[in-house]
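# Survey of secondary and tertiary structure
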Amino acid sequence: MKKALQLLSALTTGSAAAGVLLLAGALAFVLITRGSAAISPAFLTQETREAGASGGILWQIAGTLILVATAALVALPFATALGITRAWLLPPQSRPARVLGFILQLLNAVPSILLGILGLILFTGMLGWGKSWLAGGVLLGIMIVPTAAVMLANRIESLPRGQLDAAAGLGLRRGHIIRSIILPQSAAALLSGMLLGLARAAGETAPILFVAAVFSGATIPTGIHEQPVLALPYHIFVLAQDSFQEASRTNLWGAALVLVTLVSLPALAAIPMRHKLHNAADHA
Amino acid sequence: MPDPILDIRDLTITARRRLILDRVSLQARRGQVLGIIGPSGVGKSTLLRAINRMLELQPGYRVKGEIRFHGHDIHDADVDPDTLRQRIGMIFQQPVVFPTTIAKNVLFGAARLRRLGKSERAALLDSSLREAALWHEVKDRLHDSALRLSIGQQQRLCLARALALDPEVILMDEPTSALDPKATEAIEERILAMKATRCVVLVTHNLDQARRVTDWVACLCADNGHGELRFSSFPRDGRASAMLSETSCWASSTPSSLRLFSSVSGGRRRLGRIAILSACSAG
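Residues numbered from 1 in each chain as written. Chains lettered and ligands numbered in written order. Predicted model: local features only at pLDDT ≥ 70, side-chain atom pairs only at ≥ 80, totals over all residues. Heavy atoms only, no water.

## What about the sheet that holds strand β7 (residues 169-173) of chain B?
All names here are of chain B. Ordered in space as β6-β7-β8-β3-β9-β10, the six strands form an open sheet in which the pairing is mixed. With one partner strand each, in any of the chains shown, β6 (88-91) and β10 (228-233) form the two edges of the open sheet. Within this sheet the neighbouring strands show an average axis-to-axis angle of 20°, counted without direction. Across the face of the sheet, helix α7 (residues 151-163) comes into contact with β6 and β7 while running at roughly 170° to β6. (Pairing = 2+ DSSP bridges. Helix = DSSP H or I, 4+ residues; strand = E, 2+ residues; numbered from the N terminus. Axes fitted to C-alpha atoms, helices over the stretch in contact; angles between N-to-C directions. Contact = heavy atoms within 4.5 Å.)

## Overview of empty space enclosed by the protein
Across all of its chains, the model carries two cavities of 30 Å³ or more by this definition. Estimated volume of the largest cavity: approximately 90 Å³. Lining of the largest cavity is provided by 14 residues; of these, Met 90, Ile 91, Phe 92, Cys 158 and Arg 161 of chain B occupy positions nearest its centre. Considering only residue class, the lining of the largest cavity consists of nine nonpolar, four polar and one charged. Within this model, the second largest cavity holds a volume of roughly 30 Å³. Residue assignment for the lining of the second largest cavity shows that the elements contributing at least two residues are α3 (58-89) and α8 (174-202) of chain A. Broken down by element, the residue count for the lining of the second largest cavity peaks at three residues, all from α3 of chain A. Considering only residue class, the lining of the second largest cavity consists of eight nonpolar, one polar and one charged. (1 Å grid on protein atoms, 1.4 Å probe; cavity = no way out; pocket = protein on both sides within 12 Å on 5 of 7 lines; lining within 4 Å. Points joined across faces, edges and corners; volume = space filled by probe spheres on them. Nonpolar A, V, L, I, M, F, W, Y, C, P; charged D, E, K, R; others polar.)

## A short note on α7 of chain B
Three- or four-residue spacings in an α-helix give side chains the same orientation, since the helix completes a turn every 3.6 residues. End to end, α7 of chain B covers 18 Å across 13 residues, agreeing with the expected 18 Å (1.5 Å per residue, within 8%). The buried fraction of α7 of chain B is high, at 12 of 13 residues. (Expected span 1.5 Å × (residues − 1). Buried < 20%, exposed > 50% of the residue type's maximum accessible area, 1.4 Å probe, protein only.)

## A closer look at the packing of α3 of chain A against helix α6 (residues 133-157) of chain A
Residue and element names in this part refer to chain A. For the pair α3 and α6, the least separation of the axes is 5 Å and the interaxial angle reads 35°. Pair α3 / α6 crosses with right-handed handedness. Classifying every residue of the contact of α3 with α6 gives 22 nonpolar, seven polar and two charged. (Left-handed = near helix turned anticlockwise from the far one by under 90°.)

## Topic: the sheet that holds strand β5 (residues 72-73) of chain B
Residue and element names in this part refer to chain B. The four strands lie next to each other as β2-β1-β4-β5, forming an open sheet whose pairing is antiparallel. Single-partner strands in this sheet number two, and they are β2 (18-28) and β5. Of the pairings in the sheet, the one linking strand β1 (residues 6-15) to strand β4 (residues 61-69) comprises eight bridges and is antiparallel in character. In the sheet register, Ile 13 faces β4, and the bridge partner there is Val 63. Contacts between helix α1 (residues 44-51) and the sheet are confined to β1, β2 and β4, with β1 contributing the most and set at about 120° to the helix.

## Digging into the environment of Ile 236 of chain A
Secondary-structure assignment places Ile 236 of chain A in helix α10 (residues 232-242). Each C-alpha atom of the pair Ile 236 of chain A and Arg 249 of chain A lies 9.4 Å from the other, and the pair is 13 residues apart in sequence.

## A closer look at the nonpolar core
In terms of nonpolar packing, the biggest core is built from 144 residues, with Leu 129 and Met 172 of chain B touching the most fellow members. When residues in this core are grouped by element, the largest group, 14 residues, is from α6 of chain A. Sequence-distant contacts of Met 172 of chain B, defined by excluding residues within four places in its chain, comprise Leu 48, Ile 91, Leu 159, Ile 187, Ile 191, Met 194, Val 200, Val 201, Leu 202 and Val 203 of chain B. Residues Ile 37, Leu 207, Cys 219 and Cys 221 of chain B belong to the second largest nonpolar core, which totals seven residues. (Core = buried A, V, L, I, M, F, W, Y, C linked by side-chain atoms within 4.5 Å.)

## Considerations on the packing of aromatic side chains
Counted by the stated rule, this structure contains three aromatic pairs over all chains. Residues Phe 123 of chain A and Trp 129 of chain A carry aromatic rings whose centres are separated by 4.9 Å and whose planes lie at 15° to one another, so their mutual orientation is stacked. (Phe/Tyr/Trp six-rings, centres within 6.5 Å; stacked < 30°, edge-to-face > 60°.)

## Regarding the side chain of Asp 173 of chain B
Residues and elements named next belong to chain B. Among the secondary structure elements, Asp 173 is positioned in strand β7. For the buried residue Asp 173, which engages in no salt bridge, the nearest side chain bearing the opposite charge is Arg 49, 4.9 Å off. A distance of 3.0 Å separates the side chain of Asp 173 from the side chain of Ser 45, its partner in a polar contact. In this structure, Asp 173 is in contact with Ser 45, Leu 48, Ile 91, Phe 92, Gln 93 and Val 203, ignoring residues within four places of it in sequence. (Lys, Arg positive; Asp, Glu negative; His and termini not counted. Salt bridge = Lys/Arg side-chain N within 4 Å of Asp/Glu carboxyl O. Polar contact = N/O pair within 3.5 Å; in protein donor to acceptor, adjacent residues only side chain to side chain.)

## Describing the interface of chain B and chain A
Counting from both sides, the interface comprises 24 residues of chain B and, opposite them, 19 residues of chain A. Buried surface at the junction of chain B and chain A, both sides included, amounts to about 1,700 Å², of which 67% is carbon and sulfur. At the junction of chain B and chain A, the tally comes to three salt bridges. At the boundary of chain B and chain A, one finds six residue pairs in polar contact (both at pLDDT 80 or more). Elements represented by at least two residues in the side of chain B that touches chain A include exactly α2 (81-87), β6, α4 (110-113) and α7 of chain B. Here the side of chain B that touches chain A takes four residues from α2 of chain B, the largest share from any one element. (Buried area = accessible area lost by both parts, 1.4 Å probe.)

## Observations concerning the confidence of the model for chain B
A low pLDDT means the predicted coordinates there should not be read in detail. All names here are of chain B. Within chain B, residue pLDDT values average 82, and 83% of them lie at 70 or more. When pLDDT is averaged over each element of chain B, β7 comes out on top at 95 and helix α13 (residues 272-282) at the bottom at 36. For residues 251-283, every residue scores under 50 in pLDDT, and the model assigns this stretch 47 contacts once sequence neighbours within four places are set aside. (pLDDT = per-residue confidence, 0-100.)

This is how it looks when you write it as C-alpha cells:
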C-alpha cells in the first residue's frame, strides 16, 4: 500500500514536471523555428516598414524597455512599503494586516483589461495625458505591486523572530530595523517578486492598448502629454490580427522570440544573485 | 540603601484578558543582581519584557501598575520606548548574532544610534568586548563573520553589543540555558563583574546559579494559574535557601498550568518540565 502510494506520488510529480518541461520546450521550439528566420542585426536595429512586413522592431524594443523600466520604478517603492506594512508594521494576524493581504489579493485578481480601461478614464481622460508612455508604465507597475509585495511579506514573516527582537532590544527604531535587518534579508524575495511581475507585465497588451501604445509613428518620448510608445506585445497583437502576409507572420514570431528573450534574460541573470542573497541571509 | 533604579509596583499583566502576572512588586538597585526564579511559564520572561517595553511589540498584552525607572514611570507619555531600550539592555535565552562581522555586531546598535568617529568606534569596540570578556578571543578577527563563533562566544558577543550602548540596566532572560558549563561560567563571571557599574536583572531556572550570582532573589509561583510573587530575599540566607529548595512552588506548576501558559509563551520551552525537575533536585 505504502509502496503503491509512493509510486503514485512519484508518477504524479514526474508527469507534472514532464508536462511543464514539454510545454516550455514546445513553446521554445515553435518560437525558435518560426521566429529565428526573422532575427538579424537589422531586425533589432531598424524601424518597422510596410506595416510590419519588413524592417525591424527597434522602437518596439525601446518602448517595451521604457514601459517595463517605468513599471519597475513605480512598483518598487509601493511593493516595498506594502510588503513591510503587511508583514511587520501591522501586528501579525491582526485585522488590518488581514485586510491589507486581502486587498493585495484583490488587486492581483483585477483583469488587466479593466486596468487599461481605468487608465483610459483616469490618465488619458481626467488627467488629459492622451496616449502616454507614463500611463502605460504606471498601469503595468500597479500590476506588479501585489506579486512583489506578497513575496516580500512572506519572506519577512519567515525571518528569524530573534533578530527582530534583538534589534528592537538595542533600542533601534523602526526605520533602523527595516534598513538594517528586514530589507537586507528579504531583498532577494523582493527581487524575485519584481522579476516575476515584470516578466508578466512586459508581455501584457491590455493595459497599454488604450493608454500608451501605438502601432507606428513613435520613437523615444520627450514628454508626458500625447507621447505614446511602440511596444512588442502590442506589435504582435496587431500583426496577429491584421496581417496576412507571410513576411509579417515571420516578423511576428521574431518579435515574440525577442520579447520572450528580453523577459527571461533578467530572470536568468537574477538566479545566481538570488542564490547569493538567500545564502547570506539564511546563514544565520 | 541607594534609591532603586527600577521600582516595580503592583505590576499586573494580562494577555487577551487572561491574567499572566498578578500585582508583582520588586526593586532593583545599582550594584545589585536581582534574580527572578520560578517554574516555566510563570511569566518571568513576560515580566522582563515589560521592563524595557518589549512586551508591547507583541500584540495582545496589557500592562497595569507602575515600572519606575529612576523614579519615572516608563509608561508615561513622554517616555520613548526606543530610548528606554537603549538604557535598559536585554540578553536573550538564545544568542542572536546578526549575519555580519564581529565588529559590526558589536556596533550594531551604537553605530546607528550615535554619530561615531573612527577612533570612537575603535574605542567602543575595545571597551565593549573587554567588558564582555571576549576581546582576547576575537581581537585578531574582528572582521570575520560572527556566525563562526561558538555559541558561548556568541552570547558574550550579544552582551558586548548591549554594553556598547552603556545601559544602566541589563535584563538577562535565562542567558545560560543554551550554553555548556564552561560558557555558563564565563557569563556568570561577567554578571558579577558588571554589577559594579550596572544593575542586572537575571531570570533563571537554575537555583544554584541564583545562589552564585544574585544579591536578591524573587520567586514567582503560579499557584492559581497565574504568576505571583511568592517571596523575595537574600539568596544565601538560610531561610531563603530553605524556601528556594521548597518544592511546593515548583510542584504547584502542574502540567495543566504549564499547558495553560505554553499557549502564551508560544510553547517555546519544551524543556520546561525537565528544567523544573533539575531545579528541584538541585535544591
